[in-house]
Structures are given as C-alpha cells and as structure tokens.
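# Results of the structural survey
Single-letter residue listing:
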Amino acid sequence: MELKTLIGEVETAIRQMGLSAEEAQADENGQWILLKEEMPVYMDAWEDRESTPWNYFTFKQDPTVFQITIPFVFAPTIRKEDFLKELLVVNLNLLYGKFSYNEQDNATVISYRVSGSSFNQANLSAIIDGLAYYAEMAYHVLKDEFGLKRIHEKK
C-alpha cells in the first residue's frame, strides 16, 4: 500500500467516527491525536525504510504500518517486575492490543499495530474503544496492588 493511500484511509475513518481529521492532525503528516474519555490516543501511519527482523515477512509486500498507542500509567517504582509480568500474562487475553513498557519515559502503554494493507476503516472506532477499555480496566484492577499513577489524570 502507498503511504498516501493509508493516510487517506485513516483520515476517512476519523471522519466516519464524527471527528475532524484536520483537528486531530498532529505535528507531522501521518500522525493524529484523539481523546477517548480524556485519554490521548496517538495514531501513526508510516513507511518502513528497511527490512528488519520484526517486519521482514511483510516488508517487501507492504512497508507501510499503522499504529495506535495509548499511554495510561507510569510503571510502579516498587514491584515493577511483578507489574510487568502481570501485563505479559494479561496480553494473552487481549483482542486487538498489547501492553508494552517504555523505560525511557517510564510509561506503560497499550498499542495496536498492523501493516497498512491490514488497516480497516470500519474497525477503527471499535479498536480504539477496546484499547481504552483495556487501559481503564488494567488501571482499576492493578492500581491498589501496585500503587499506579495515571499518565493523564482524569478529572
């Protein structure tokens, strides 16, 4: 898929959700930010420039990538390893997404990533709803046990 085509499909999907793709546009072409119940939802579309061990099986057919990322809690300072292990176990049960940890920002995120040709406009809203649900549920289920703090505090 051409990157320009993927970007157009994402923008169409944003509009189908009743939102403005122009207002959601972030700093760079192929980047958008939406809010889901006060949680920022970052969406990116790009084209990989080279094959890696992580994209080799799709790179030649389709180097484009679509990704959604929702940062939701800081990793705990106490029992961080136990917390991350718990998220790995939870990942086995998730549809659409996976929990990940960014050590540089100490951010725990939930994300969704597919090749551009696998992007489906009709599913975007359901995927965002699912990711936001998982982020919210994980926070509420694990907050007391691990003393979690939200990245973006809800009012």
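Residues numbered from 1 in each chain as written. Predicted model: local features only at pLDDT ≥ 70, side-chain atom pairs only at ≥ 80, totals over all residues. Heavy atoms only, no water.

As enumerated under the stated definition, the model contains 1 cavity of 30 Å³ or more in all. Space inside the largest cavity adds up to approximately 50 Å³. Forming the walls of the largest cavity are M39, P71, F72, V73, A135, E136, Y139, R150 and H152. Within the residue set of the lining of the largest cavity, elements represented by two or more residues are β3 (64-74) and α5 (124-146). Residues that form the lining of the largest cavity fall into these classes: 6 nonpolar, 1 polar and 2 charged. (1 Å grid on protein atoms, 1.4 Å probe; cavity = no way out; pocket = protein on both sides within 12 Å on 5 of 7 lines; lining within 4 Å. Points joined across faces, edges and corners; volume = space filled by probe spheres on them. Helix = DSSP H or I, 4+ residues; strand = E, 2+ residues; numbered from the N terminus. Nonpolar A, V, L, I, M, F, W, Y, C, P; charged D, E, K, R; others polar.)

What follows concerns the pattern of salt bridges. A complete count under the given rule lists 6 salt bridges for this structure. Between K36 and D129 there is a salt bridge, with its nearest N and O atoms 2.6 Å apart. Taken together, the residues K36 in strand β1 (residues 31-36) and D129 in helix α5 connect sequence positions 93 residues apart. Here K36 falls in the partly exposed class, since its relative accessible area comes to 22%. With relative accessibility at 35%, the residue D129 sits in the partly exposed group. For E136, the salt bridge is made with R150, and the minimal N-O distance between the two is 3.0 Å. Linking E136 in helix α5 with R150 in strand β6 (residues 149-150), this pair joins segments that are 14 residues apart in sequence. Residue E136 is classed as buried on the basis of its relative accessible area, which comes to 17%. Through salt bridges with shared partners, a single network forms among R79, D82 and E145. (Salt bridge = Lys/Arg side-chain N within 4 Å of Asp/Glu carboxyl O. Buried < 20%, exposed > 50% of the residue type's maximum accessible area, 1.4 Å probe, protein only.)

We now examine α5. Along an α-helix, residues three or four positions apart point the same way, because every turn accommodates 3.6 residues. When the terminal C-alpha atoms of α5 are compared, their 31 Å separation across 23 residues agrees well with the 33 Å that a helix rising 1.5 Å per residue should span. H140 marks where α5 bends most, by close to 30°. At the C-terminal side of α5, G147 shows a positive phi close to 60°. (Expected span 1.5 Å × (residues − 1). Bend = angle between axes of the 7 residues up to and from the residue.)

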